[in-house]
Amino acid sequence: MSNNISHWVMDYETLSNCFLGCFEHYKTDEVHVFTIGKLRNDLDKLLAFFQQNITNHEWHISFNGLNFDSQITQFIIINANKLKTLSGEDVAKLIYQEAQDIITVTSKGRYPKWSEKDLKIRQIDVFRLNHWDNPAKNSSLKWIQCSMDWHNVLDMPIHHTEKIETVPDLQKVAFYCRNDVSSTKAIMTRDKKEIELRGQLTKDYGINLYSASEPKISKELFLLFLAKKTGIAPYELRQLRTERTSIDVNKLILPYIKFEVPEFKEMLDKFRNLILDATNLKGTFNHSIKYRGVETFLGLGGVHGARRGIYESDKDMVIMSSDVKSFYPNLSIRNKWSPAHLDSEAFCELYEWFYDERIKIPKKDPRNYVYKIILNATYGLSNDKHSFLYDPEFTMRITINGQLSLMMLYTMIGERIPGAVPIMQNTDGLEYLIPGQYVDSYLAICKEWEDITKLVLEHDQYQKLIVPDVNTYIGVFKDEEISREDWLKYQKELPENLFKRKDGKFYMAKTKCKGRFEFKDRKLHKNKSFTVVSKAIYDYFVHGVDPEKHLERNNNIFDYCGQTKCQGEWKFKEILVENNQIVERDIQKTLRYYISDTGSKILKCNKVDGRETNVEAGTWMLKVFNLYEEKPFEEYNINKKFYLNKINKEIRAMMPDEQLILNLF
């Protein structure tokens with residue numbers, strides 16, 4: 001994708017008698033809007049624009065364009081001569097019918113009519129690039145608009161089955177389409193480095209990776225390297241799979257897995273007796289253990305458990321954190337595991353090569369990121385039926401032995417270090433509060449575990465750890481010495497109370513937020529509702545700022561917004577007072593709102609059985625904020641009591657009574 005060419009961010013709207021296409025230059029404000037229908041027929045102009053795109057090698061950039069918009073473009077180009085003989089309304093009807101056929105094909109999980117390599121105009125699809133087509137991350141453009149604080153979050157104002165008969169209706173659709181294009185352009189801008197990286201990979205390896213998600217990059221590059229290593233053609237490798245009907249877990253468990261604690265011995269026996277249905281693994285086995293006051297959950301995925309509370313290191317007690325380095329890849333490498341249909345030696349040698357090469361490469365080098373993707377995603381692809389790495393037994397070898405190995409370390413520390421308090425375990429690491437005098441013993445136990453497992457641990461210390469549950473926490477790391485230059489640089493970007501200057505040296509405490517407390521660099525597919533709550537809790541525990549004070553100084557209206565959506569037979573209904581009368585009206589299915597003193601009630605309603613629930617439980621009034629309105633902050637009439645209640649509820653949940661608090665500072 002050349003920077004010297006006029007590429008275009010685009011979107012289409014296909015209605016029963018009207019087609020509209022909007023294109024915005026990827027760098028400038030230049031916009032082209034083409035309409036085909038009863039009111040206007042821009043077909044010739046649109047075809048000329050397409051010819052310009054083809055001749056000048058200009059690309060289209062879209063949200064889900066590979067499955068939809070690019071297919072419409074291809075249809076129009078291929079059928080240009082026929083379409084020129086028809087009226088604008090008839091052209092629109094044909095395009096509409098094609099659009100409905102495309103939607104039907106996609107909904108059935110089938111491939112589009114035209115593959116990416118056959119398209120006349122090259123594409124970048126930010127929907128696929130961000131892996132928002134994955135069921136776990138599936139997100140509409142409207143949802144992403146909410147998450148990125150886009151000014152207008154709009155649903156289509158006119159249903160696609162309706163006819164456009166008036167200019168005002170056409171203008172509504174055009175405004176909606178332009179808003180979608182502008183927000184897609186904003187996503188593209190955020191993804192600039194990702195797109196540049198994919199462009200470089202495409203150039204280096206001769207594979208079109210411009211719209212590739214991270215797992216797709218991993219799959220394609222690992223395939224390419226493995227084909228070279230084994231001499232098996234990429235096409236032949238793509239066909240390989242290992243299909244299984246059952247998995248005997250006892251045969252998978254590593255011989256070094258042993259426990260002295262009775263509860264864990266019992267757990268190991270349960271695993272050994274498992275015969276799994278390989279065609280239906282998800283959620284088929286769950287087990288929990290309570291050890292030293294912490295309930296730990298095990299299954300067929302990763303282990304997780306946490307002790308709720310607030311923990312601080314001091315001169316007597318230290319919070320130790322240990323993570324297994326590249327845990328899942330190294331389990332495979334060290335134990336010579338591979339999907340059964342692949343040569344184990346070749347697979348593990350290649351896997352280890354990526355691991356070793358990544359260590360050698362500076363983190364700023366894009367190759368470091370690429371190798372990280374390959375290392376992390378390769379394991380996941382072994383549980384993907386569409387991947388040439390598919391072998392569910394290989395997946396189970398890693399996940400089951402991974403959690404059992406981690407539990408070995410967990411109990412070794414708990415049994416051998418007097419006064420050790422387990423705090424948290426999650427997939428590839430654990431946190432323990434231990435007496436400071438036993439740090440060397442802790443590290444010795446970890447070294448013993450490394451010798452047994454042939455895995456490597458990375459250690460750190462927290463100054464403070466705030467844990468409401470296993471999926472959510474705030475960690476403040478031990479002070480690290482930094483250069484004066486970095487000290488001056490970071491002080492401009494981060495709160496000054498994260499910095500210390502002592503004996504002529506400079507120190508910085510880094511923080512880490514997860515789950516509900518995660519507001520820095522949050523992924524756009526995640527719900528960002530009421531970010532002000534996360535920020536206030538962070539301010540309270542890290543900087544000692546009272547929640548009321550945080551609310552006083554936070555004037556970002558988007559931080560106060562919630563986001564929700566409904567689908568299928570559900571709709572949103574707003575109940576408000578207008579001219580002293582109660583009015584009910586349906587509102588759009590993607591909803592952004594905040595809690596206000598002058599709002600309305602909003603219900604989620606089932607159109608079939610009439611069930612109704614409040615979007616926010618209680619007597620709170622909500623203000624719909626899908627259309628951004630700029631005004632002095634106090635005029636938003638935010639009900640800060642609602643937010644203060646949520647903040648204090650979270651804080652109290654971590655401090656239920658004196659027995660559960662370990663405040664050792």
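Residues numbered from 1 in each chain as written. Predicted model: local features only at pLDDT ≥ 70, side-chain atom pairs only at ≥ 80, totals over all residues. Heavy atoms only, no water.

Undergrad: Honestly, unusual backbone geometry in this entry has me stumped. Any pointers?
TA: Comment: phi is negative for the bulk of residues other than glycine, and the bulk of peptide bonds are trans. Non-glycine residue R292 carries a positive phi angle of around 50°. If you trace the backbone, R292 turns up in the loop between β8 (287-291) and β9 (294-298). For F530, which is not a glycine, the phi torsion comes out positive at approximately 55°. (Helix = DSSP H or I, 4+ residues; strand = E, 2+ residues; numbered from the N terminus.)

Undergrad: Would you take a moment to explain the sheet that holds strand β3 (residues 31-37) for this structure?
TA: As summarised here, the arrangement of the five strands in space is β3-β2-β1-β4-β5, forming an open sheet in which the pairing is mixed. Two strands close off the open sheet at either side, each with one partner strand: β3 and β5 (123-125). Geometrically, the sheet is characterised by an average inter-axis angle of 25° between neighbouring strands, direction not taken into account. Sheet strands in contact with helix α7 (residues 167-190) are β1 (8-15), β2 (18-25), β3 and β4 (60-62), and its direction is about 145° off that of β1. (Pairing = 2+ DSSP bridges. Axes fitted to C-alpha atoms, helices over the stretch in contact; angles between N-to-C directions. Contact = heavy atoms within 4.5 Å.)

Undergrad: Which parts of the structure should I look at to understand the packing of helix α9 (residues 214-230) against helix α13 (residues 344-360)?
TA: For any two helices packed against each other, the geometry is given by the interaxial angle and the distance between the axes. The contact between α9 and α13 brings their axes to 10 Å, and the two run at 130°. Overall, the two elements α9 and α13 adopt an arrangement that is oblique. You can see that α9 and α13 cross each other, and the crossing is right-handed. Residues F222, F225, L226, K229 and T230 of α9 lie in contact with α13, whose contacting residues are A346, F347, E349, L350, Y351, W353 and F354. Per-class residue counts for the contact of α9 with α13 are nine nonpolar, one polar and two charged. (Parallel < 35°, antiparallel > 145°, perpendicular 65-115°, else oblique. Left-handed = near helix turned anticlockwise from the far one by under 90°. Nonpolar A, V, L, I, M, F, W, Y, C, P; charged D, E, K, R; others polar.)

Undergrad: Where do I start with the layout of surface pockets in this structure?
TA: Over the atoms, a rolled probe matching the size of one water molecule traces out where space is still vacant. The calculated volume of the second largest pocket comes to roughly 1,600 Å³. Lining of the second largest pocket is provided by 38 residues; of these, E13, S140, K142, M156 and Y176 occupy positions nearest its centre. Within the residue set of the lining of the second largest pocket, elements represented by two or more residues are β1, α4 (88-107), α6 (141-147) and α7. In terms of residue count, the dominant contributor to the lining of the second largest pocket is β1 (six residues). Residue composition of the lining of the second largest pocket, by class: 15 nonpolar, 15 polar and eight charged. (1 Å grid on protein atoms, 1.4 Å probe; cavity = no way out; pocket = protein on both sides within 12 Å on 5 of 7 lines; lining within 4 Å. Points joined across faces, edges and corners; volume = space filled by probe spheres on them.)

Undergrad: Any chance you could explain the confidence of the model for the protein chain here in plain terms?
TA: Here the protein chain averages 91 in pLDDT, and 95% of its residues register 70 or above. Here residues 656-665 is a poorly scored stretch, pLDDT under 50, and it has 17 contacts once near neighbours within four places are set aside; other chains count. (pLDDT = per-residue confidence, 0-100.)

Undergrad: What's the story with the nonpolar core in this structure? I'm lost.
TA: A general trend in soluble globular proteins is that nonpolar side chains are found buried together. F222, I257, F264, F271, Y432 and Y442 are the most contacted members of the largest nonpolar core, which has 86 residues in total. The leading source of residues in this core is helix α15 (residues 392-416), at 12 residues. When residues no more than four places from it in sequence are discounted, the contact partners of Y442 are M320, S321, S322, I413, I417, L430, Y432, I434 and H459. Of all hydrophobic cores here, the second largest spans 42 residues; its members include Y560, I602, F625 and I638. (Core = buried A, V, L, I, M, F, W, Y, C linked by side-chain atoms within 4.5 Å. Buried < 20%, exposed > 50% of the residue type's maximum accessible area, 1.4 Å probe, protein only.)

Undergrad: Please clarify how the pattern of salt bridges should be interpreted in this entry.
TA: When the charged atoms of two side chains with opposite charge come close together, those side chains can pair. For the structure on display, the rule yields 35 salt bridges. Here D391 and R244 are joined by a salt bridge, their closest N and O atoms 2.7 Å apart. Pair noted here: D391 is in the loop between α14 (366-381) and α15 and R244 is in the loop between α10 (234-238) and β6 (246-248), with a separation of 147 residues, a long-range link. A salt bridge links E552 to K549; the nearest nitrogen and oxygen atoms lie 3.7 Å apart. Here E552 and its partner K549 are both found in helix α19 (residues 547-553), three residues apart, which amounts to about one turn of the helix. Exposure remark for E552: the relative accessible area of 52% places this residue in the exposed category. (Salt bridge = Lys/Arg side-chain N within 4 Å of Asp/Glu carboxyl O.)

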